[in-house]
Amino acid sequence: MLPTSTAAPLTNESLADKVYRSPLWVCLALSTILSLWYIFFPDIIPLHNGFAWEGEYYRRIAIDLNHNLFDLRVNSYSIQRILPFVVLHGFFELFGIPFQDHNLILWMQVFNLLLGGIIVYAWHRIAAQLQLSLPAEWVGYLALLANFAFAKYDLYIPFTTDRLSTTVGILSLHFYLRGKTLGLWLTALLSLAIWPTALAYNTLLLLIPRQEPLPRTHNPLLSQLWAAGIAAFFSLLFVGVLYVRNVPIPPRMAPDVHPLLPVGIVLTAAYLYYTQLTLARRVLPGWAEMWALVKQVLRPRLEWLAVLTLVVAYVALTRGLGDPTRPYLPFKTFLINTTFAVLQRPLQFLVSHGVYYGLPALVMILFWPRVLVAVQRLGLGLGLMLMVVMVQGINSETRQLANVLPLLALVTAVVADALPIRRAAIAWTAALLLLISKMWLPFNWFDPTFGQPDDRFPSFSFVHTGIMLHWPFQVYFMNQGPWISNEYLIGQGLVLVVVGWIIYRLFRPAPGLPAARP
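Notes on the structure follow. (Residues numbered from 1 in each chain as written. Predicted model: local features only at pLDDT ≥ 70, side-chain atom pairs only at ≥ 80, totals over all residues. Heavy atoms only, no water.)

Let's talk about helix H12 (residues 220–244)
We count it as follows: For the purposes of this entry, the term helix denotes a DSSP run of H or I that reaches at least four residues, the term strand denotes a run of E that reaches at least two, and both are numbered from the N terminus. Multiplying 1.5 Å by the residue count of a helix minus one yields the expected span of that helix. Relative accessibility thresholds used throughout: buried, under 20% of the residue-type maximum; exposed, over 50%; partly exposed, between the two (1.4 Å probe, protein chains only). For this analysis, residues touch if any pair of their heavy atoms sits within 4.5 Å.
Taking 1.5 Å per residue as the helical rise, H12 with its 25 residues ought to reach 36 Å, and the 34 Å between its terminal C-alpha atoms agrees with that figure. Of the positions making up H12, those classed as buried are Ser223, Ala227, Ile230, Ala231, Phe234, Ser235, Leu237, Phe238, Gly240, Val241 and Leu242. Against the buried residues of H12 lie helix H13 (261–283), helix H16 (331–343) and helix H20 (380–392).

Here it is as structure tokens:
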């Protein structure tokens, strides 16, 4: 059975019909046009001459790779995102291109353009593999492309690995769904030098085969213990940081609403308990079935050798080539940053994810019971992966989820596949998502010092003064959870409520109308 999107076109189709039946070509064209627009009419962050924060460090690596890699050495965190800049250095050396700032940024812009095409085509292949309906394929594209991350951030700050991490994430997903262990392992190997959390997710996919279904039996006790344990662990962490150690909020974040910190702890614990419990009831088997599954996973097989080589390569990269004595983000600092990124304002991560990724975040909130049903179709490996993502998702710095956005898009599309979504609903949803993506908003229009030497917009007086919490600096920072001001958090939250209500009305089945698929 062919997916709807590849079926033979109807005769006498209108232009709108042809566009609707060609999501691959439409999205490929839109992705390419958007990237070309920013190349010829750039709206690029002025800070550090377009390299922004971490990009300034990777710029030095790309220019003088050997000196930075072998003499100065790269810290064990940053080396896990070094691959595109190594490729850039080799490309420039091979073709004799001068290492000028304009050339470096242009190379990354073209590189991201190509990555956009890979993302579009990979999703087309995944939709065909799962035989998704045409509306579901469109919904997947909207989840991947019609958001702040793809339509604005990757273009405004091109010298990052964010889009590359999404690309290897969707390639891992593609190879996993097709049962291609070699392709998954090679992608996982490359991902070690692209995104820090890729090792954990790819290891899970290598060890739990695609054909492994959800368990036939249930484990209520273990599900309760797991959900309560996760909620208790993070609650104790937060209490320890805030009230036992009495750690103040880092100066590089928006101030917390201190009286609401206990409320944030309780609501976050409730979120973790509910999402983990409902997912655990689906993916955790009864004791007898679990023992059989454990024996099956632990049996000698090629996948264990693949995981072992990944771990060895990871250690060699971070402990051998990288410098573990100069940690970029010490574990203690990571715990403190995570605590406040979760709790500055109660449940701020829900608003942040909606602002940054749009449709996947809204669908998770609006259609959670249908998400649980979708897990049944995706199997045990992706169900377990979603459980981990739901825990990681309490951090409001949404871009840290870049490599798992394809999974969230896949879940969103599978939910849509069971709903009778019409073409008009797709069009309205696309318009709403592009509106909240801010792709139409040139950030540098609001830069008061644009074009002046040493322009640091939008990061003026970033530390202590709080000027980033005001306009025009919030034009950028209102899209990044830990740096959104209270006013823009509330304002965007209200916008998301309206957009979510409209999308819910567009997606939900009419009374008495059966779903598209059981």
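Now that the structure is up, let's keep going.
Considerations on the packing of helix H19 (residues 368–378) against H20
To be explicit about the condition: Between N-to-C directions, angles cover 0 to 180 degrees, with each direction set by a line fitted to C-alpha atoms, over the stretch in contact for helices. An angle below 35 degrees is treated as roughly parallel, one above 145 as roughly antiparallel, one from 65 to 115 as roughly perpendicular, and anything else as oblique. Crossings are classed by handedness, with left-handed meaning an anticlockwise turn of the near helix from the far one by less than a right angle and right-handed meaning a clockwise turn.
Where H19 contacts H20, the axes come no closer than 7 Å and their chain directions differ by 140°. With respect to H20, the element H19 is oriented oblique. Of the two elements, H19 crosses H20, and the hand of that crossing is right-handed. Between H19 and H20, the contacting residues are Trp368, Val371, Val375 and Leu378 on the first element and Leu380, Leu382, Gly383, Leu386 and Met390 on the second.

As for the layout of surface pockets
Rules: Both site types are read off a 1 Å grid over the protein atoms alone. A 1.4 Å probe that fits but cannot get out defines a cavity, while an open set with protein on both sides within 12 Å along at least five of seven lines defines a pocket; lining residues have an atom within 4 Å of a point. Grid points are joined across faces, edges and corners, and a volume is the space filled by probe spheres set on the points. When residue character is reported, Ala, Val, Leu, Ile, Met, Phe, Trp, Tyr, Cys and Pro are called nonpolar, Asp, Glu, Lys and Arg charged, and the others, Gly included, polar.
Here the second largest pocket defines a volume of roughly 690 Å³. As for the second largest pocket, its lining consists of 34 residues, and the residues nearest its centre are Leu30, Ser31, Leu34, Leu434 and Met439. Looking at the lining of the second largest pocket, the elements that each hand over two or more residues are helix H1 (15–20), helix H2 (23–40), helix H7 (134–145), helix H8 (148–156) and helix H22 (423–437). When grouped by side-chain class, the residues that make up the lining of the second largest pocket number 29 nonpolar, 2 polar and 3 charged.

Quick look at the environment of aspartate 323
As a reminder of what qualifies: Polar contact criterion, stated in full: a pair of N or O atoms within 3.5 Å, where within protein one must be able to donate a hydrogen and the other to accept it, and residues adjacent in sequence count only if both atoms are side-chain atoms.
For aspartate 323, the position within the fold is in the loop between helix H15 (302–321) and H16. If near-sequence neighbours (up to four positions away) are discounted, aspartate 323 is found in contact with Arg73, Val74, Asn75, Ser76 and Thr318. One polar contact links aspartate 323 to threonine 325, side chain to side chain, over a distance of 2.5 Å.

Here we look at empty space enclosed by the protein
What the rule picks out here adds up to 3 cavities of 30 Å³ or more. Computed from the structure, the largest cavity encloses a volume of approximately 110 Å³. Around the largest cavity, the lining is made up of 15 residues, and of these Gly169, Ser172, Asn202, Met385 and Asn403 lie nearest the centre. Of all the elements, helix H9 (residues 162–177) adds the most residues to the lining of the largest cavity, at 5 residues.

Side note on the packing of aromatic side chains
Basically, it comes down to this: Between rings of Phe, Tyr and Trp, where Trp is taken as its six-membered ring, a pair exists when centres lie within 6.5 Å; planes separated by under 30 degrees are stacked, by over 60 edge-to-face, and by other angles tilted. By definition, being over a ring means that NZ of Lys or CZ of Arg is both within 6 Å of the ring centre and within 35 degrees of the ring normal.
Tallied over the full model, the rule gives 29 aromatic pairs. Centre to centre, the rings of phenylalanine 85 and phenylalanine 159 are 5.0 Å apart; their planes meet at 35°, and the pair counts as tilted. With phenylalanine 85 in helix H5 (residues 83–95) and phenylalanine 159 in the loop between H8 and H9, this pair connects stretches of sequence that are 74 residues apart. Per residue, the accessibility class of phenylalanine 85 equals that of phenylalanine 159, and both read buried. Chaining the aromatic ring pairs together yields one cluster made of Trp53, Phe148, Tyr153, Tyr156, Tyr356, Tyr357, Phe443, Tyr476 and Phe477. Between the NZ or CZ atom of arginine 59 and the centre of the ring of phenylalanine 51, over which it lies, the distance is 5.6 Å. Over the aromatic face of phenylalanine 150 sits the side chain of arginine 163, whose NZ or CZ is 3.8 Å from the ring centroid.

Side note on the nonpolar core
Selection rule: Here, nonpolar core means buried Ala, Val, Leu, Ile, Met, Phe, Trp, Tyr and Cys residues that are tied together by side-chain atoms lying within 4.5 Å of each other.
Grouped together as the largest cluster of nonpolar side chains are 163 residues, with contacts concentrated most on Trp123, Leu382, Leu386, Met390 and Leu410. Considering every element that reaches this core, the biggest residue donor is helix H6 (residues 101–129), with 12 residues. In contact with tryptophan 123, other than residues within four places in its own chain, are Leu132, Ala136, Glu137, Gly140, Tyr141, Leu144, Ile170, Ala409, Leu410 and Ala413.

Side note on the side chain of arginine 81
Tracing the sequence through the fold places arginine 81 in the loop between helix H4 (65–72) and H5. Here the side chain of arginine 81 touches glutamate 54 through a polar contact of 2.8 Å, side chain to side chain. What arginine 81 contacts, discounting residues up to four positions off in sequence, is Glu54, Tyr58, Thr161, Asp162, Ala193, Ile194, Trp195, Pro196 and Arg399.

Here's the deal with the side chain of glutamine 480
Relative to the helices and strands, glutamine 480 is located in the loop between helix H23 (474–477) and helix H24 (486–507). When its relative accessible area of 3% is taken as the criterion, glutamine 480 is described as buried.

Concerning unusual backbone geometry
Of note, the bond from phenylalanine 457 into proline 458 is cis; its omega dihedral lies within 30 degrees of zero at 5°. Going from tryptophan 471 to proline 472, the amide bond is cis rather than trans, its omega being 10°. Of note, proline 472 is situated in the loop between H22 and H23. Even without being a glycine, histidine 48 presents a positive backbone phi close to 55°. Tracing the backbone through its elements, the reader meets histidine 48 in the loop between H2 and helix H3 (54–63). Owing to a relative accessible area of 30%, histidine 48 belongs among the partly exposed residues under this scheme. The phi dihedral of aspartate 454 falls on the positive side, at around 55°, and the residue is not glycine.

A word on the environment of proline 458
Among the structural elements, proline 458 can be located in the loop between H22 and H23. On the accessibility criterion, proline 458 (0% relative accessible area) is buried. Separated by 62 residues in sequence, proline 458 and serine 396 have C-alpha atoms that sit 20 Å apart. Contact partners of proline 458, with chain neighbours within four places excluded, come to Ile45, Trp53, Tyr156, Phe473, Tyr476 and Phe477.

Describing the pattern of salt bridges
For the record, the criterion: Salt bridges, as used here, are contacts in which a Lys or Arg side-chain nitrogen is within 4 Å of a carboxyl oxygen on Asp or Glu.
The final tally for this structure, using the stated rule, is 13 salt bridges. As a salt-bridge pair, arginine 423 and aspartate 17 come within 2.3 Å of each other at their nearest N and O atoms. With arginine 423 in helix H22 and aspartate 17 in helix H1, this residue pair connects regions lying 406 residues apart in the sequence. By relative accessible area, which is 37% here, arginine 423 ends up partly exposed. Assessed through its relative accessible area of 27%, aspartate 17 is described here as partly exposed. The closest approach of N and O atoms between glutamate 303 and arginine 301, which form a salt bridge, is 3.6 Å. Accessibility classification places glutamate 303 together with arginine 301 in one group, the buried group.

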